[in-house]
Amino acid sequence: MVGCVYIHEIAGMLIQNRKRYRWDRIGMVLGCFALVSVALASWVAPKDMKTGSEEVLAHPEQIMEKVPALDPRPIVKIQASPALVEEEVKPCSCNRHVLKLAKNPYTQHRKAARNLPHSFFVKDKSELQAGLRNGKLVEVKDGRGYHVSALSHSHAVLLPEVKKLLQDMANDFADLLVGTPSEGTKFRVTSLTRTAWQQSRLGRKNYNAIDEASTHSYGASFDIAFTDRPDNSAGCSAPTRAMQKVLSEYQNQKRILVIPEKDCMHVTLRP
Ligand SMILES: [Zn+2]
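Because the structure is a prediction, the values reported are computed rather than measured.

**Observations concerning the state of the cysteines**
A full pass over the atoms with the stated rule returns 1 disulfide. Paired through a disulfide, Cys92 and Cys236 show a sulfur-sulfur distance of 2.0 Å. The disulfide joining Cys92 to Cys236 has a torsion of about -80° about its S-S bond and is therefore left-handed. Residue Cys92 is found in strand E1 (residues 92–93), and its partner Cys236 is found in the loop between strand E6 (221–228) and helix H9 (237–252); the two are separated by 144 residues along the sequence. Its relative accessible area of 1% is what places Cys92 among the buried residues. Sulfur of Cys94: no disulfide; nearest cysteine sulfur belongs to Cys264 and is 8.7 Å away. Using a relative accessible area of 1% as the deciding quantity, one classes Cys94 as buried. Given the relative accessible area of 5%, Cys264 is considered buried.

Set out below in structure tokens:
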């Protein structure tokens, strides 16, 4: 409307000053007309002229596809089940601090070791392998009532008669715990047959000194250092009492010799 009033004024001025302002006034009128035309054109522009926002609004279903559909199921927070969290089961010690047994002198152990039926001095690994081939030594794997720990200074082999002793002791140990919360507990064998070479690596003995040889170098001895429970439902007292009972009975029956050490029980079979 302002533009139109302005056009009338300009038209009057053109009539009054036709000769003097003719061309510049005409140019202004034409420019004003062009501006008004553009304003009118944009005012009556059809709705389907596409702008960015109109394009989106023209296809609302496409927008809906991008919004994740609501899951009708309730949100459930998943928590770690207590059963899946590994519970640490600490071993029960098996040494002179917790077990009360008489100490048999080491000279008796050595004498016994040399006099067992299959006994021989296992000097090195080739002699150990020869012993396995000729049946003087047998492999020892986990069994009822006992298991063999990872060994770094000995081999899981024994004289056949010593393996039999180990199995008998382990069965008696397991029998004592049947029906109790400690059922399934195993004692842990931490050392079996050491070659003389392995023994010398421990820094205790001369590699070639048979007179000073360990009874472990005859396949005659093994060490028990712990009892391992299946879980924490029962304490250490029952397995420790069972270990005490088995060791003392075998010792009293003169089947074994024992040295209670600070970190294990050293057991040797008697002939
Ligand atoms: Zn030992």
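After that view, the rundown keeps rolling.
**Observations regarding H9**
Taking 1.5 Å of rise per residue, 16 residues should cover 22 Å, and H9 covers 22 Å from first to last C-alpha, within 8% of that figure. The set of residues buried in H9 consists of Pro239, Thr240, Ala242, Met243, Val246, Leu247, Ser248, Tyr250 and Gln251. Just downstream of H9 lies Lys254, where phi reads positive at about 60°.

**Quick notes on the nonpolar core**
Among the nonpolar cores identified, the biggest contains 42 residues, and Met169, Phe187, Phe222 and Leu247 are the most heavily contacted of them. Listed by contribution, the elements that provide at least two residues to this core are strand E3 (146–148), strand E4 (157–158), helix H7 (160–177), strand E5 (186–191), E6, H9, strand E7 (256–260) and strand E8 (265–269). If you tally residues by element for this core, the top one is H7, at 7 residues. Leaving out residues up to four positions away in the same chain, Phe187 has contacts with Gly145, Tyr146, His147, Leu166, Met169, Ala170, Phe173, Ile224, Phe226, Thr227 and Met243.

**So, the coordination of the zinc ion**
Coordination of the zinc ion by the protein involves His216 (NE2), Asp223 (OD), Asp223 (OD) and His266 (ND1), with metal-donor separations of 2.0 to 2.7 Å. Here the zinc ion is ringed by 4 donor atoms whose angles at the metal span 54 to 154°, and the overall shape comes out irregular. Read N to C, the donor residues that coordinate the zinc ion are spaced as H-x6-D-x42-H. Note that Asp223 is positioned in strand E6 and His266 in strand E8, a separation of 43 residues in sequence.

**Quick notes on the packing of aromatic side chains**
Taken as a whole and judged by the stated rule, the model has 3 aromatic pairs. Grouped by ring-pair contacts, the aromatic residues Tyr146, Phe173 and Phe187 constitute a single cluster.

Rules behind the numbers
- Residues numbered from 1 in each chain as written.
- Predicted model: local features only at pLDDT ≥ 70, side-chain atom pairs only at ≥ 80, totals over all residues.
- Heavy atoms only, no water.
- Disulfide = S-S within 2.5 Å.
- Helix = DSSP H or I, 4+ residues; strand = E, 2+ residues; numbered from the N terminus.
- Buried < 20%, exposed > 50% of the residue type's maximum accessible area, 1.4 Å probe, protein only.
- Expected span 1.5 Å × (residues − 1).
- Core = buried A, V, L, I, M, F, W, Y, C linked by side-chain atoms within 4.5 Å.
- Contact = heavy atoms within 4.5 Å.
- Donors = N, O, S within 2.8 Å, 3.2 Å for Na, K, Ca; no water.
- Tetrahedral: all angles 85-135°; square planar, octahedral: opposite > 155°, others 65-115°.
- Phe/Tyr/Trp six-rings, centres within 6.5 Å; stacked < 30°, edge-to-face > 60°.

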